[in-house]
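Results of the structural survey
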Amino acid sequence: MRIDLIADVPPKPTLAERKQPSDATRARDRARYARLFDFSYDAILVADSTGRIADANARAAEFFGYEVDEMPGLALADVVSGADGNLLHILTSNSASGRHTLLQAYGLRRNATFFPAEIAVAHLDEASGQLAFFIRDITVRRQAQELLRTEHQAIQGLPAGLVVVDLEGRIVFVNPAAASLWGGRHVEAFLGKSLCDLLDDTRVVEDLLRAAQSGPTVWTGRVTAKREDGARFNAMVRATRNLNADGHVAGALLLVYETRKL
């Protein structure tokens, strides 16, 4: 499976004048970092420049289906699909210049199943050339993206016109079918317009917006709509409230069907 390089983060400037910590402070920090390593939400792998895993945390073992003590010695390619020598060359080159790398790849479990992953790679130790891999399972995110893509395609291909307006009746979205109903060639031309610009009777707009704000009741009615060229057409409109991410009413969703021309 393909690995996509989605970001190459430039190095941060170093501060040569920075005061070096004492041995006691370093020992305390190592203990603190060890706890962060063990209890990190992300899976963490430490590997050398050849791609051989030197260490892994419990989260990594959980992700890939191994015991923690089974992971050292594995090749990076055993757990990241497509992690070949070319990728390692890129990662080591980036790390040598102090750059971080962000990848989208597929994790490979012990049982030969895959999961989509986002992997941040950082230089860990200059002397050994070790790299740290911070791995996040993005299965849920990917499923949500696929669902959104499917919903978008369904809306774009809907034969009925779909118009979304805010609480003031301003248009925030139309699908291609709605643009075609009103004689427009581009959906962008409708954005920001008032719904009153599309319908003859402004009282209809007031009624359906009031219905959308008062509850989940679907408002249904016949309307006379007007195209940009002045032509009129009859349409059936079904309107319901549109909720934002917080569950508050943000406007109305209108499904529009042309019935017959005047």
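Note that this is a predicted model, so its numbers are computed, not measured.

Moving on, we get to the packing of aromatic side chains. Across all of its chains, the model carries 3 aromatic pairs by this definition. Aromatic pair Phe 63 and Phe 115: ring centres 5.7 Å apart, planes at 75 degrees, arrangement edge-to-face. Here the residue Phe 63 occupies a position in helix α2 (residues 58-64), and Phe 115 occupies one in strand β5 (residues 114-125), the gap between them amounting to 52 residues. Its relative accessible area of 11% is what places Phe 63 among the buried residues. Under the relative-accessibility criterion, Phe 115 is labelled buried at 1%. Ring centres of Phe 64 and Phe 115 lie 5.6 Å apart, and the angle between their planes is 45 degrees; on these two criteria the pair is classed as tilted. Placement of Phe 64 in helix α2 and of Phe 115 in strand β5 is noted, with a sequence separation of 51 residues between them. The residues Phe 64 and Phe 115 share a single accessibility class, namely buried. Chaining the aromatic ring pairs together yields one cluster made of Phe 63, Phe 64 and Phe 115. Sitting over the ring of Tyr 41, Arg 59 keeps its end group 4.6 Å from the ring centre. Its guanidinium or amino end placed over the ring of Phe 190, Lys 193 lies 5.5 Å from that ring's centre, counting from NZ or CZ.

Right, let's talk about the environment of Val 187 for a bit. Note that Val 187 resides in the loop between α5 (176-181) and α6 (202-214). Given a relative accessible area of 25%, Val 187 falls into the partly exposed group. Along the sequence, Val 187 and Asn 175 sit 12 residues apart, while their C-alpha atoms lie 6.7 Å from each other. With near-sequence residues (within four places) excluded, Val 187 lies in contact with Val 174, Asn 175, Pro 176 and Ala 179.

What follows deals with the side chain of Asn 57. For Asn 57, the position within the fold is in the loop between β3 (53-56) and α2. Asn 57 gets classed as buried once you look at its relative accessible area, which sits at 0%.

Moving on, we come to the environment of Phe 134. Position of Phe 134 relative to the elements: it lies in strand β6 (residues 130-137). A sequence separation of 15 residues divides Phe 134 from Ile 119, and the C-alpha atoms of the two residues are 5.5 Å apart. Apart from residues lying up to four places away in sequence, Phe 134 is in contact with Ala 43, Ile 44, Glu 118, Ile 119, Ala 120 and Ala 122.

Calculation rules
Residues numbered from 1 in each chain as written. Predicted model: local features only at pLDDT ≥ 70, side-chain atom pairs only at ≥ 80, totals over all residues. Heavy atoms only, no water. Phe/Tyr/Trp six-rings, centres within 6.5 Å; stacked < 30°, edge-to-face > 60°. Helix = DSSP H or I, 4+ residues; strand = E, 2+ residues; numbered from the N terminus. Buried < 20%, exposed > 50% of the residue type's maximum accessible area, 1.4 Å probe, protein only. Lys NZ or Arg CZ within 6 Å of the ring centre and 35° of its normal. Contact = heavy atoms within 4.5 Å.

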